[in-house]
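Observations on chain architecture
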Amino acid sequence: MANHGADKPSSRSGSPDGEDRASEDRSLLHQRLAVQELIDTEVSYLHMLHLCASDIRSRLQQLPQGDLDVLFSNIDDIIKVNSRFLHDLQETASKKEEKVQLVGNLFLEFQEELEQVYKIYCASYDQALLLVETYRKEPELQQHIQGIIKAVVPQAGSSGLSFLLVIPLQRITRYPLLLQKILENTHPDASAYPVLQRAVSALQDVNTNINEYKMRKEVASKYTKVEQLTLWERLARINTHTFSKKTTRLSQLLKQEAGLIPRTEDKEFDDLEERFQWVSLCVTELKNNVAAYLDNLQAFLCFRPHEYSLDIPEGPAVQYCNLARDLQLEAFLKFKQRLEGLVWQPLCSLAKALLGPQNLIKKRLDKLLDFERVEEKLLEVGSVTYEEQATRHTYQALNSLLVAELPQFNQLAMQWLGQILCTFVTLQRDLAKQVLQRAEGSMAQLPHHDVPEPAFRKLVGDTLGRTSKQLHSFQENFEKVLPPPTTQVSILPHPKDWPVPHWPVGGQASLNLFLLILSGNRHRGYVPAGKLQLYHVVPSAEELRRKAGLNEDPRCLTPKPVRAPVPSIPTVNQVIAAYPFVARSSHEVSLQAGQPVTVLEAQDKKGNPEWSLVEVNGRRGYVPSGFLARTPSPVLWGWNLPS
């Protein structure tokens, strides 16, 4: 009885220890099950991602590539990160000791990578859902998509794409819950407990940051839209609310300018904005310069002197025409096409990409004025309305987005701009190389092709200097030379006993211009009429007074000079050649004295009467009009044609 009574207290005192051990065993069991659940669900999740990225996306190729990029976003990056995460997670499972602590450390190690890839996917999720809704409005397309998803993922059911697209969002939000479950089954005194606490907090921060990033992106997408509105459309948008809001902002701005209230200073953002404006200015200036360059290049390509006939059968002119034609059709045309495709179009895309940040910066200023007004009210009253609180959050989200992404945008824009400039320089260098290669044959025939470049530059400079001095000297001497004295002559009728002169006539002379004159020295003879000018009598002051009526003596009046009539070849069809003429180009024809000639036009294409278009022996061409004469007519012309 004593022994039995002694055993009872011992059994009762050992019961709590047994319960503690049983509770600890249950906690360890639940902990192992939680870790195993984490690994098993990660394997299943990664398998589903592979199905989306490979099987489903590859079968939806009938959708536009832009739609596929929105639907699946950066799913490939998520697969890479989670594959490495799963690999390390499975390695920790093989280590029984400190396994839980290794799991916590693993989450802390992948914290930043998980946040980077998942925030991009989550930010584009709403846009992907909008695409899914548009597909549902097209029955045939929706049926095709549902058939593909049902064949690959039968458990998706009628949800289709929506079921697949939400999986990454569910996974990133489930990580803190899985870690919390492991933490709950870990003894507080265990070394893994603080590590798991930090891991749970880190994953919660990841989800919070993703939500904030998603909200900032939504604000950015709202204010980066560039709408081309007319004046009437802008006026139609004005209502009482917008008018009140804009007047409040203007009042806030005027108070700041007057120094009545302090202005919010943000040195970090101001530096980023200044750099962005500098990049924007560089892009705008380069775009204007490239546009002017393209206009000048187009004007240069429209000028084609090599297409005109120079009537030079051979020599440097022909070489120039061949070289210019080759460059015009090949090198310069290809250069223009490459310039438009590799420089102009990327530059326009870069300028267009600047519009979004420019809009955000302008909106930030408006939201900053609203934010400052709300902050003043918060200090005075101590509370704000829900709408005012939303205004504060909007500014904070917009400012955070710009501060976070403007540095990256500025860096990428500068790299983009640098690549465009390098491409432009490379195209210029390639053009110069092509031109030199094509011109080597023509340059080899130049008289100074073997002269070194420095010596050739000196030779050209010396030649230009000498020519300039000669031209200057000629100009000075020409200004010092006095005009020849003028001799007054009179035109007389042709004496009947005078023969017709048999003088050789040049290409620019005309037989019709030989006239009989009487000079002031009482000499008679023939001279070309082209050497004569109408003599203008300059009246004296006394003569002017007489003309004005001060002196009415009619004997003092000076007769008006009469212009000597210059006879011309009448436009007749049939004439004869008065003198022989040898053609100098393909546009001219040769003549023999006395040869019958048919006149087609008594002037050239420019209306010059010194040349006539004729037909001789079936050939057409131009001849000097002075070499032609009508059929002998002594009565009309006053002379006989030379025999």
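Here, the structure is the one placed above.
Now for a quick tour of the structure. (Residues numbered from 1 in each chain as written. Predicted model: local features only at pLDDT ≥ 70, side-chain atom pairs only at ≥ 80, totals over all residues. Heavy atoms only, no water.)

**Quick word on the overall build of the protein chain**
Counting secondary structure elements, the protein chain contains 19 helices and eight strands. Expressed as a percentage of its 643 residues, the buried residues of the protein chain come to 32%. Of all intrachain contacts in the protein chain linking residues separated by at least 6 positions in sequence, the fraction that spans at least 24 positions is 69%. Approximately 41600 Å² of the protein chain is accessible, and the part contributed by carbon and sulfur atoms is 55%. (Helix = DSSP H or I, 4+ residues; strand = E, 2+ residues; numbered from the N terminus. Buried < 20%, exposed > 50% of the residue type's maximum accessible area, 1.4 Å probe, protein only. Contact = heavy atoms within 4.5 Å. Areas by Shrake-Rupley, 256 points an atom, 1.4 Å probe, with all protein chains shown as cover.)

**Remarks on the packing of helix 13 (residues 267-302) against helix 15 (residues 355-381)**
Where helix 13 contacts helix 15, the axes come no closer than 11 Å and their chain directions differ by 145°. Like other packed secondary-structure pairs, helix 13 and helix 15 cross with a definite hand, here left-handed. On helix 15, the residues that touch Phe 269, Glu 273, Phe 276, Gln 277 and Ser 280 of helix 13 are Pro 357, Gln 358, Ile 361 and Arg 364. Classifying every residue of the contact of helix 13 with helix 15 by side-chain character gives four nonpolar, three polar and two charged. (Axes fitted to C-alpha atoms, helices over the stretch in contact; angles between N-to-C directions. Left-handed = near helix turned anticlockwise from the far one by under 90°. Nonpolar A, V, L, I, M, F, W, Y, C, P; charged D, E, K, R; others polar.)

**Observations concerning unusual backbone geometry**
Residue Ser 73 is not a glycine yet carries a positive backbone phi of 45°. Structurally, Ser 73 can be placed in the loop between helix 2 (65-72) and helix 3 (75-93). By relative accessible area, Ser 73 is classed as partly exposed at 24%.

**As for the side chain of Asn 185**
Take Asn 185: it is sitting in the loop between helix 9 (167-184) and helix 10 (192-223). Within the structure, the side chain of Asn 185 is placed 2.8 Å from the backbone oxygen of Lys 181, a separation counted as a polar contact. Sequence-distant contacts of Asn 185, that is, excluding residues within four places in its chain, are made with Ser 27, His 30 and Gln 31. (Polar contact = N/O pair within 3.5 Å; in protein donor to acceptor, adjacent residues only side chain to side chain.)

**Details of the nonpolar core**
Ranked by internal contacts, the top residues of the largest apolar core, which has 65 residues, are Leu 60, Leu 71 and Phe 107. The dominant element in this core, judged by the number of residues it contributes, is helix 1 (residues 2-59), at 12 residues. When neighbours within four sequence positions are excluded, Leu 71 is seen to be in contact with Leu 63, Tyr 121, Ala 128, Leu 131, Val 132, Tyr 135, Leu 161 and Leu 165. Of all hydrophobic cores here, the second largest spans 37 residues; its members include Leu 272, Leu 301, Phe 335 and Leu 417. (Core = buried A, V, L, I, M, F, W, Y, C linked by side-chain atoms within 4.5 Å.)

**Considerations on a nonpolar patch on the surface**
On the surface, Phe 456, Val 460 and Leu 464 cluster together to form a nonpolar patch covering roughly 250 Å² of accessible area. For Phe 456, the position within the fold is in helix 17 (residues 453-480). With relative accessibility at 34%, the residue Phe 456 sits in the partly exposed group. (Patch = residues over 30% accessible without salt bridge, like charges linked within 9 Å, V, L, I, M, F, W, Y side chains within 5 Å. Salt bridge = Lys/Arg side-chain N within 4 Å of Asp/Glu carboxyl O.)

**Topic: the packing of helix 3 against helix 4 (residues 99-109)**
Taken N-terminus to C-terminus, the directions of helix 3 and helix 4 make an angle of 165°; their axes are 9 Å apart at the nearest point. Taken together, helix 3 and helix 4 sit at an angle that is classed as roughly antiparallel. Along this stretch, helix 3 crosses helix 4, giving a crossing that reads as right-handed. In contact with Phe 85, Asp 88, Leu 89, Thr 92 and Ala 93 of helix 3, helix 4 contributes Lys 99, Leu 102, Val 103, Leu 106 and Phe 107. Broken down by class, the residue content of the contact of helix 3 with helix 4 amounts to seven nonpolar, one polar and two charged. (Parallel < 35°, antiparallel > 145°, perpendicular 65-115°, else oblique.)

**Some thoughts on the sheet that holds strand 8 (residues 628-629)**
Taken together, five strands build an open sheet; the order of strands is 7-6-5-4-8 and the sheet is antiparallel. Every interior strand has two partners, whereas the edge strands, strand 7 (619-624) and strand 8, have only one. (Pairing = 2+ DSSP bridges.)

**Some words on the pattern of salt bridges**
For the structure shown, the criterion picks out 17 salt bridges. Salt-bridge contacts for Lys 377 lead to Glu 388; the nearest nitrogen and oxygen are separated by 3.0 Å. Within this pair, whereas Lys 377 is found in helix 15, its partner Glu 388 is found in helix 16 (residues 386-443), the two being separated by 11 residues in sequence. The class for Lys 377 is partly exposed, based on a relative accessible area of 28%. One salt bridge in this structure joins Glu 615 and Arg 620, with 3.7 Å as the shortest N-O distance. In the salt-bridge network here, residues are joined through shared partners; they are Glu 37, Arg 174 and Lys 181.

**Some thoughts on the packing of aromatic side chains**
Summed over the entire model, instances satisfying the criterion amount to 12 aromatic pairs. A centroid spacing of 6.0 Å and a plane angle of 65° characterise the contact between Phe 85 and Tyr 175, whose relative ring orientation is edge-to-face. Separated by 90 residues along the polypeptide, Phe 85 in helix 3 and Tyr 175 in helix 9 bring together distant segments of the chain. With respect to class, Phe 85 is no different from Tyr 175; both count as buried. With 6.4 Å between their ring centres and 70° between their planes, Tyr 293 and Phe 335 make a pair best called edge-to-face. (Phe/Tyr/Trp six-rings, centres within 6.5 Å; stacked < 30°, edge-to-face > 60°.)

**Description of helix 15**
Counted at 1.5 Å a residue, the expected span for helix 15 with its 27 residues is 39 Å, and the 39 Å between its end C-alpha atoms agrees. Those residues of helix 15 that sit buried are Gly 356, Pro 357, Leu 360, Ile 361, Arg 364, Lys 367, Leu 368, Leu 369, Asp 370, Phe 371, Glu 372 and Val 374. Of the residues one or two after helix 15, Gly 382 is the one with positive phi, at around 100°. (Expected span 1.5 Å × (residues − 1).)

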